[in-house]
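A closer look at the structure
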Amino acid sequence: MPDAERPPMISREDVLHVARLARLELSEPELEKMREQLNSILTYIDRLKELDVTGVEPTSHAVPMVNVMRDDVVVPCFPREEMLANAPDRAGEFFRVPRIIED
Amino acid sequence: MTDTPIHELADAYRRGETTPTAVTEAHLARIARLDDRLGAYLTVTREQALRAAAASDARYRAGKPLGPLDGAPLAYKDVLCTRGVRTTCGSRILDGFVPPYDATAIERLGAAGAVMLGKSNMDEFAMGSSTEYSAFKPTRNPWDLARVPGGSSGGPAAAVAAGLAAGGLGTDTGGSIRQPAAFCGIVGLKPTYGRVSRYGLVAFGSSLDHIGPFARDVTDAALLLRAIAGADPRDSTCLDAPVPDYAATLAQGVRGRRLGVPDEYFIEGMDPEVERAVRAALDVLRGLGATVEGVSLPTTRHALATYYVIAPAEASSNLARYDGVKYGLRVAGAKDLIEMSSRTRAAGFGAEVKRRIMLGTYVLSAGYYEAYYGRAQKVRTLVRRDFEAAFGRVDLIVAPMTPNVAFKHGEKEDPLSMYLNDVFAVPADMTGLPAISVPCGFSAEGLPIGLQFIGKALDEPTLLRAAHAYEQATPWRTRRPSLPS
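Residues numbered from 1 in each chain as written. Chains lettered and ligands numbered in written order. Predicted model: local features only at pLDDT ≥ 70, side-chain atom pairs only at ≥ 80, totals over all residues. Heavy atoms only, no water.

Before going further, it helps to spend a moment on the interface of chain A and chain B. Listed as interface residues are 53 residues of chain A and, on the opposing side, 67 residues of chain B. Of the roughly 5600 Å² buried at the junction of chain A and chain B (both faces included), carbon and sulfur atoms supply 68%. Linking chain A with chain B are 6 salt bridges, by the criterion used here. Taking the shortest distance from any N to any O, the salt bridge between Glu82 of chain A and Arg83 of chain B comes out at 3.6 Å. In this assembly, chain A and chain B are joined by 20 residue pairs in polar contact (both at pLDDT 80 or more). (Contact = heavy atoms within 4.5 Å. Buried area = accessible area lost by both parts, 1.4 Å probe. Salt bridge = Lys/Arg side-chain N within 4 Å of Asp/Glu carboxyl O. Polar contact = N/O pair within 3.5 Å; in protein donor to acceptor, adjacent residues only side chain to side chain.)

Here it is in structure tokens:
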């Protein structure tokens, strides 16, 4: 856990780790700029630590809602051909991607 | 014809003074003449618009128009899916994407007889406050081409302000309808969260995304909202509440309403011309019979910081779908799936989108989740409580829309200074409360200033009445930018 008193300081390794999690390839100049900008934004966000949030329930949604249910009836879905029409690469009725499993 | 509100156009159609085709052609001609300079549109759907207008002509000839929006030429922000018409989100990553369906809001406007002129420009994935982050081109402010129109819905806002559309749709996740409306001198309405279905809206921050209208006046905003609002089985967060006839009760005015003015919305460093215009507007509202009192929203200085945790967190999750598999861009030559996605995303996303994805992924990552995301969700509760307390005393909150007028292209290079522009806008998104920006004056340089009203949940009727009363008592809506006619 980050130390609550310390200003955030994202390292180059942190940026690389987060970029991997986010599936984002960053160039060398992008990486350093990203590190600086994220640190600047996180320093601003740090003001949230001024507030006492003990016992405050989190809000995940602006309007409190419960589950919305509908009758379980079959409705038509989009034709396969229409959905595949946007695919950058396809093989018959499938989306084609680079090999995932080794021989 | 290109500076007339929709409700007046409809009257003229009914009287046979003009036709939807003539008005649509006038708007298309203006787009052809001016949009090279303004950059409001990404796609102009000329043929489709003329077909829709001809069908509308026929309905008026038969004496059977579909309603007040029949024949209204509109611009739609390019974040809303349109069946058969490319939808870019202002991004390269959706390269070649043609949606197989219409967004609910667009489908409903089509069913009401509205004419789509085209898809308009925006900051990539609605992330930005200036429309400079569009992957395709910047949009210019019709009042001063050296300045930004605001963002992220800068395209439709500029189109409406410049007479390149009679109205439009934008989206507001952190001010993206209201801030450009203020910068462009038009009306921009963000309804209550869930009032309008998000089906077919390309997701940015799912708990914060709102669709709403741009209009030349409050009456048009009321008509557009009524057409797009209401339950939709395709969006489970869409509210199943009756949709009032907002326009019908506008004349009831603001007399006897209690208006709260938050001290925290008059900050150090704000443009004194903006403050003067807003204070003068409060006098007008008093003159119309409203009472004005101070209220306090103490967490205002924390709301923006909260937003910049929650919105990027939701965005990082929503934008995970752009992996180069099902639609849009794919970079060739990758040796495996992860490399393909990582390189596709590197090539397809712009700098601001990458920043938000990185920030969002970081605040959600192991070890930081509670410190950032968990805490921000709790502060979001505190922001909501501030408004609940204020609305225990007043009917509406009135405040400046932005701390400043439209800034110049390239003026805000530091991401944080861009973010700070939305300091008065994000609380209404965080709380889901309905809010509207209406013009309340001009700076000495002739740039529009926006007045913001924030209402109680689902109380758009009171919100619109107050905005309408103010609008009718002031001359601002009659002023037009000096573009060639």
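Attention now moves to the nonpolar core. The tendency in soluble globular proteins is for nonpolar side chains to be buried as a group. Residues and elements named next belong to chain B. Counting residues in each nonpolar core, the largest one holds 175 residues, and the members touching the most others are Phe125, Leu451 and Phe453. Residue contributions to this core peak at 10 residues, all from helix α9 (residues 300–318). Those residues in contact with Phe125 that sit more than four places away from it in its chain are Cys89, Ser91, Ile93, Leu94, Val202, Phe204, Leu319, Tyr322, Phe349 and Val353. (Core = buried A, V, L, I, M, F, W, Y, C linked by side-chain atoms within 4.5 Å. Buried < 20%, exposed > 50% of the residue type's maximum accessible area, 1.4 Å probe, protein only. Helix = DSSP H or I, 4+ residues; strand = E, 2+ residues; numbered from the N terminus.)

Okay, the packing of helix α4 (residues 104–111) of chain B against helix α7 (residues 218–228) of chain B next. Residue and element names in this part refer to chain B. Relative to each other, α4 and α7 sit at 110°, their axes nearing to 8 Å. One finds that α4 runs roughly perpendicular with respect to α7. Contacts from Ala105, Arg108 and Leu109 in α4 reach Leu224, Ala227 and Ile228 in α7. Of the residues assigned to the contact of α4 with α7, the class counts are 5 nonpolar, no polar and 1 charged. (Axes fitted to C-alpha atoms, helices over the stretch in contact; angles between N-to-C directions. Parallel < 35°, antiparallel > 145°, perpendicular 65-115°, else oblique. Nonpolar A, V, L, I, M, F, W, Y, C, P; charged D, E, K, R; others polar.)

What follows is about helix α1 (residues 6–14) of chain B. For α1 of chain B, the set of buried residues is Ile6, Leu9, Ala10, Ala12 and Tyr13 of chain B. Taken down its axis, α1 of chain B places every buried residue within 160° of arc, on the same side. (Arc of directions from axis to C-beta.)

This part covers the pattern of salt bridges. For the coordinates displayed, the defined rule picks out 37 salt bridges over all chains. Linking Glu93 of chain A and Arg80 of chain A is a salt bridge whose minimum nitrogen-to-oxygen distance equals 3.3 Å. With Glu93 of chain A in the loop between β1 (90–91) and β2 (94–95) and Arg80 of chain A in helix α3 (residues 80–84), this pair connects stretches of sequence that are 13 residues apart. Classification of Glu93 of chain A by relative accessible area gives partly exposed; the value is 45%. Across the pair Glu352 of chain B and Arg356 of chain B runs a salt bridge, and its minimum N-O distance is 2.6 Å. Remark: Arg356 of chain B and Glu352 of chain B occur in helix α11 (residues 351–364); sequence separation between them is 4 residues, near one turn of the helix. On the basis of relative accessible area, Glu352 of chain B is assigned to the buried category, the value being 3%. One continuous salt-bridge network, built from bridges that share partners, spans Glu57 of chain A together with Arg384, Arg385 and Glu388 of chain B.

All right, on to the packing of α7 of chain B against helix α15 (residues 460–473) of chain B then. Residue and element names in this part refer to chain B. Where α7 contacts α15, the axes come no closer than 9 Å and their chain directions differ by 160°. Taken together, the axes of α7 and α15 lie roughly antiparallel to each other. Note on element contacts: α15 touches α7 through Glu460, Leu464, Ala467, His468 and Glu471, opposite Val218, Thr219, Ala222 and Leu225. For the contact of α7 with α15, the per-class residue count stands at 5 nonpolar, 2 polar and 2 charged.

All names here are of chain B. The buried fraction of strand β4 (residues 167–172) is high, at 6 of 6 residues. Side chains Gly167, Leu169 and Thr171 project from β4 onto one buried face, and the interleaved Gly168, Gly170 and Asp172 project onto a second face that is buried too. With 3 bridges connecting them, strand β2 (residues 73–77) and β4 associate as parallel partners. Bridging across to β4, Leu74 finds its partner in Gly167. Here 6 bridges tie β4 to strand β6 (residues 210–215), and the two strands are oriented antiparallel to one another. Of the residues in β6, the one forming a bridge with Gly168 is Phe214. (Pairing = 2+ DSSP bridges.)

So, on to the pairing of strand β11 (residues 448–454) of chain B. Residue and element names in this part refer to chain B. Counting buried positions along β11 yields 7 of 7 residues, so the element is predominantly enclosed. With 4 bridges joining them, strand β9 (residues 396–400) and β11 adopt antiparallel strand pairing. Counted as the bridge partner of Val398 is Phe453 from β11. Note: strand β10 (residues 435–442) against β11, 6 bridges, orientation antiparallel. Bridging from a neighbouring strand, Phe442 pairs with Pro448 of β11.

Bringing the side chain of Glu124 of chain B into the picture now. All names here are of chain B. Within the secondary structure, Glu124 sits in the loop between β3 (115–120) and α5 (154–162). For the buried Glu124, no salt bridge exists, and the shortest N-O distance to an oppositely charged side chain is 8.2 Å, to Arg92. Within the structure, Glu124 has its side chain in polar contact with the side chain of Ser91 (distance 2.6 Å). With residues near it in sequence (within four places) discarded, Glu124 still touches Cys89, Gly90, Ser91, Arg92, Tyr133, Ser134, Gly348, Phe349, Gly350 and Val353. (Lys, Arg positive; Asp, Glu negative; His and termini not counted.)

Attention now moves to the packing of aromatic side chains. Residues and elements named next belong to chain B. Applying the stated criterion across every chain, the model contains 19 aromatic pairs over all chains. One aromatic cluster is present, formed by Phe97, Phe125, Tyr322, Tyr327 and Phe349 through successive ring pairs. Sitting over the face of the ring of Phe407, Lys412 holds its NZ or CZ atom 5.0 Å from the ring centroid. (Phe/Tyr/Trp six-rings, centres within 6.5 Å; stacked < 30°, edge-to-face > 60°. Lys NZ or Arg CZ within 6 Å of the ring centre and 35° of its normal.)

All right, on to the confidence of the model for chain A then. When pLDDT is averaged along chain A, the result is 89, and 91% of the positions lie at 70 or above. Within chain A, α3 of chain A has the poorest average pLDDT of any element, 93, and helix α1 (residues 12–21) of chain A the best, 96. (pLDDT = per-residue confidence, 0-100.)

Residues and elements named next belong to chain B. Counted at 1.5 Å a residue, the expected span for helix α3 (residues 46–61) with its 16 residues is 22 Å, and the 22 Å between its end C-alpha atoms agrees. Among all positions in α3, only Ala49, Leu50, Ala53, Ser56, Asp57 and Tyr60 are buried. In a view along the axis of α3, the buried residues occupy a sector of 120°, so they form one face of it. Within α3, the exposed residues directed more than 90 degrees away from the buried face are Glu47 and Arg51. Just downstream of α3 lies Gly63, where phi reads positive at about 75°. (Expected span 1.5 Å × (residues − 1).)

Two cysteines whose sulfur atoms are joined by a covalent bond form what is called a disulfide. Enumeration according to the criterion identifies 0 disulfides over all chains in this entry. In this structure Cys77 of chain A is not part of a disulfide, and its nearest cysteine sulfur, from Cys81 of chain B, lies 17 Å away. Here Cys77 of chain A falls in the exposed class, since its relative accessible area comes to 70%. Of all cysteine sulfurs, the one in Cys81 of chain B lies closest to Cys238 of chain B, which takes part in no disulfide; the gap is 16 Å. (Disulfide = S-S within 2.5 Å.)

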